[in-house]
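# Results of the structural survey
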Amino acid sequence: MRDFVKLENIEMTFISKRGEFTALRDVNLVVKEGEFVSVIGHSGCGKSTVLNIVAGLLDATSGVALCAGREIKGPGPERAVVFQNHSLLPWLTCHQNVFLAVESVFGKVVSHTQLHERTHEALSLVGLDDATLKYPHEISGGMKQRVGIARALAMEPKVLLMDEPFGALDALTRAHLQDELSRIVARTQATVVMVTHDVDEAVLLSDRIVMMSNGPAATVGQILNVNLARPRDRVALANDAQYMRIRGEVLSFLYEKHRNPDQRAA
Amino acid sequence: MSAMPTQGRVLLDTGVLKTESLRTRFQKLLPSARGFAMGVVAPFAGLILLIGIWAIVSTTSPQLPTPLKTWHSAVEVFSNPFYIKGPNDQGIGWNIWNSLKRVGLGFTLAAIVGIPLGFMIGRFAFLNAMAAPIISVLRPVSPLAWLPIGLLVFKAAEAASIWVIAISSVWPMVVNTAAGVARIPQDYLNVARVLKLSEWKIFTRILIPATLPYVMTGIRLSIGVAWLVIVAAEMLTGGIGLGFWVWDEWNNLNVEHIIIAIFVVGIVGLMLEQAILMVAKRFYYD
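Residues numbered from 1 in each chain as written. Chains lettered and ligands numbered in written order. Predicted model: local features only at pLDDT ≥ 70, side-chain atom pairs only at ≥ 80, totals over all residues.

Right, let's talk about the overall build of chain A for a bit. Along chain A, the regular secondary structure elements total 9 helices and 10 strands. Taken over C-alpha atoms, the radius of gyration comes to 19 Å for chain A, in line with the 18 Å a tight globule of 266 residues would show. Projected onto the principal axes, the alpha-carbon positions of chain A cover approximately 55 × 45 × 40 Å. A separation threshold of at least 6 residues defines the contact pool for chain A, and within that pool the share at least 24 residues apart is 71%. (Helix = DSSP H or I, 4+ residues; strand = E, 2+ residues; numbered from the N terminus. Rg over C-alpha atoms; globule rule 2.2 N^0.38 Å. Contact = placed C-beta atoms within 7 Å.)

Right, let's get into the overall build of chain B. Along chain B, the regular secondary structure elements total 10 helices and 0 strands. Counting every position in chain B, which comprises 286 residues, the buried fraction comes to 29%. The contacts in chain B between residues at least 6 apart in sequence include a share of 69% that link residues at least 24 apart. (Buried ≥ 20, exposed ≤ 12 C-beta atoms within 10 Å, placed from the backbone.)

By size, the foremost hydrophobic cluster in this structure holds 132 residues, and its most contacted members are Val54, Val98, Ala150, Leu161, Val193 and Val250 of chain A together with Ile165 of chain B. Ignoring sequence-local partners within four residues, the contact set of Val98 of chain A consists of Thr119, Ala122, Leu123, Val147, Ala150, Arg151 and Ala154 of chain A. (Core = buried A, V, L, I, M, F, W, Y, C linked by C-beta atoms within 7 Å.)

Here the focus is the sheet that holds strand 1 (residues 3–16) of chain A. The strand order across the open sheet formed by 4 strands is 2-1-4-5 (chain A), and the pairing between neighbours is antiparallel. Strands with a single pairing partner mark the edges of an open sheet, and in this sheet they are strand 2 (19–32) and strand 5 (70–71) of chain A. (Pairing = 2+ DSSP bridges.)

Before going further, it helps to examine the packing of helix 3 (residues 92–123) of chain B against helix 9 (residues 242–251) of chain B. Between two packed helices, both the angle of their axes relative to each other and the distance between the axes serve to describe the pair. Residues and elements named next belong to chain B. In contact at an axis separation of 7 Å, helix 3 and helix 9 are set at 130 degrees when each is read in the N-to-C sense. Taken together, the axes of helix 3 and helix 9 are oblique relative to one another. Contacts between helix 3 and helix 9 pair Asn95, Ile96 and Ser99 from the former with Leu242, Gly243 and Trp245 from the latter. (Axes fitted to C-alpha atoms, helices over the stretch in contact; angles between N-to-C directions. Parallel < 35°, antiparallel > 145°, perpendicular 65-115°, else oblique.)

Moving on, we come to helix 8 (residues 199–237) of chain B. Residues and elements named next belong to chain B. Given a rise of 1.5 Å per residue, 39 residues ought to cover 57 Å, yet the end C-alpha atoms of helix 8 are separated by just 46 Å, more than 12% below that figure. Of all the bends found along helix 8, the most pronounced is centred on Leu212 and spans about 45 degrees, while Pro213, a proline, follows it within four residues. Of the residues one or two after helix 8, Gly238 is the one with positive phi, at around 80 degrees. (Expected span 1.5 Å × (residues − 1). Bend = angle between axes of the 7 residues up to and from the residue.)

Size of an interface, as often reported, equals the accessible area lost when the parts are brought together. Counting residues at the interface gives 14 residues for chain B and 17 residues for chain A. Among the secondary structure elements, those contributing two or more residues to the side of chain B that touches chain A are helix 7 (186–194) and helix 8 of chain B. Each residue belonging to the side of chain B that touches chain A can be placed in one class, and the counts come to 8 nonpolar, 1 polar and 5 charged. (Nonpolar A, V, L, I, M, F, W, Y, C, P; charged D, E, K, R; others polar.)

Looking at chain A as a whole, the pLDDT averages 89, with 97% of positions reaching at least 70. Looking across chain A, the model is least confident in helix 9 (residues 261–265) of chain A, with a mean pLDDT of 57, and most confident in strand 3 (residues 36–40) of chain A, with 95. (pLDDT = per-residue confidence, 0-100.)

Residues and elements named next belong to chain A. Along its sequence, chain A is carved into domain 1 (1–63 + 162–266) and domain 2 (79–156). On a C-alpha basis, the centroid separation for the pair domain 1 and domain 2 is 25 Å. Contributions of two or more residues to the side of domain 1 that touches domain 2 are made by helix 1 (47–55), strand 7 (159–163) and helix 5 (171–188). Element by element, the count of residues in the side of domain 1 that touches domain 2 is highest for helix 5, at 6 residues. When the residues that make up the side of domain 1 that touches domain 2 are grouped by side-chain class, the tally is 10 nonpolar, 4 polar and 3 charged. (Domains from an automatic or database assignment.)

This paragraph deals with the packing of helix 5 (residues 147–154) of chain B against helix 6 (residues 157–182) of chain B. All names here are of chain B. Relative to each other, helix 5 and helix 6 sit at 135 degrees, their axes nearing to 8 Å. One way to sum up the angle between helix 5 and helix 6 is to call them oblique. Our pair here, helix 5 against helix 6, has a crossing hand that is right-handed. Note on element contacts: helix 6 touches helix 5 through Ala159, Ala160, Trp163 and Val164, opposite Leu147, Gly150, Leu151 and Phe154. Of the residues assigned to the contact of helix 5 with helix 6, the class counts are 7 nonpolar, 1 polar and no charged. (Left-handed = near helix turned anticlockwise from the far one by under 90°.)

A separate point is unusual backbone geometry. Comment: phi is negative for the bulk of residues other than glycine, and the bulk of peptide bonds are trans. Residues and elements named next belong to chain A. The residue after Arg230, namely Pro231, is reached through a cis peptide bond having omega -5 degrees. Residue position: Pro231 is located in the loop between strand 10 (220–225) and helix 7 (234–237). Its identity as a non-glycine residue notwithstanding, His86 has a phi of 60 degrees, on the positive side. Structurally, His86 can be placed in the loop between strand 6 (79–82) and helix 2 (94–106). Here His86 falls in the buried class, since 22 other C-beta atoms lie within 10 Å of it.

In structure tokens form, the structure reads like this:
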């Protein structure tokens, strides 16, 4: 399989009034086509910074960031982002929100009716056929996040980037959306990079888990392969020995080898 | 056999329903009673207190007309609002209409200049740095200080008063529009970048809708300022209008009419504000 996303010796230094702050140093990461990779770490470890560099929303201070063999220069629809707080435009309906993305990517290639059809398909894929004409403030948090996912998928991106996509949701809604994401990814064969701080979410969804050390100058601490068969069933996995072992390894990395700096100070 | 218990339950159900509806009706009455006290009784009491104080003051100061005398005068004024007895003696309706027309004209000019200017200042940091000192210096200037400049440049009283309205009501729109553009959430701009939206789409789909609530606040403040300024401007420039009417009746020593004018200015100002608020509500999201 091809290497889709490649980060080589990435360093990210932010310059603020209080001086320089090196968030990332020597970050190396390869994501293959069709792979689901989770980036996990304590808050403030720079995992979102990694995602934003792949998205092109941030420029790395040094190092090389590639997507499909080309250098990443700025954001683009081939690297669609599902934002943590859904980031839907509140003055547009669900349909209009997704349509804006579809129109921007395919507006010059296909007809107007086809643009609307694609929009419908994307919303239907995330199970929102009935809410297309509603405004974001009229639907629940879980549904908003689905629209966010639909918007990203409708762009037919090479890589789907998700920044703690279910972080703001309650546990039941989160579980439901994880299952749905898993189903959609299986169907679309999408390549996904997801930032999370939820260990179960990472193990359940990923092919590989990238564990990051704490900042400043955070880097990739360890990479774990998740060799669980798909489709994965969360109830059956709860007592699965291999699932428990992988989960244990992630927990041991996060809470023994790289404890949260806030807790260590306290 | 089976019909009996069912019937019994129906009776029981309706009984429960009845007591519940009575209780809910009672519960609904309580907050509505409080709402009635706060929404009707309190404002009414305030108004009566004001009129009471006015009545007491008017007994000690013979030049100040009593509330009753003013009321009779108001009934007379409003019984024939659209008479024309010459260039300087016209009905209250014409006075209100002419003042509104000047405010409308001056405000429209201010909006045409102020809103686009605000957009540009908010979007481009360089323009903001350029405009900030000028705005800071000119904004606190009393509106009437602009009148001589207007008279000098336009050589006409009518144009000068519109100029005063425009220059003094432009600032809230510039400042609020600029603040709105500058405060567009980074999330929306990130969406625009990821979606690779064109400049035009960014403008129409993100910039304008995100800024509209701020623009509407600017418009509301501007109209408030414009209406505040009109009385003073008309007092100095003349012509038919509420401000001139106040000045004219001061010269006639018709204090009842001056008090009527004060109420009219206040009520029309309130109505303008409420009208803008109603329009503005349509642009608030979430």
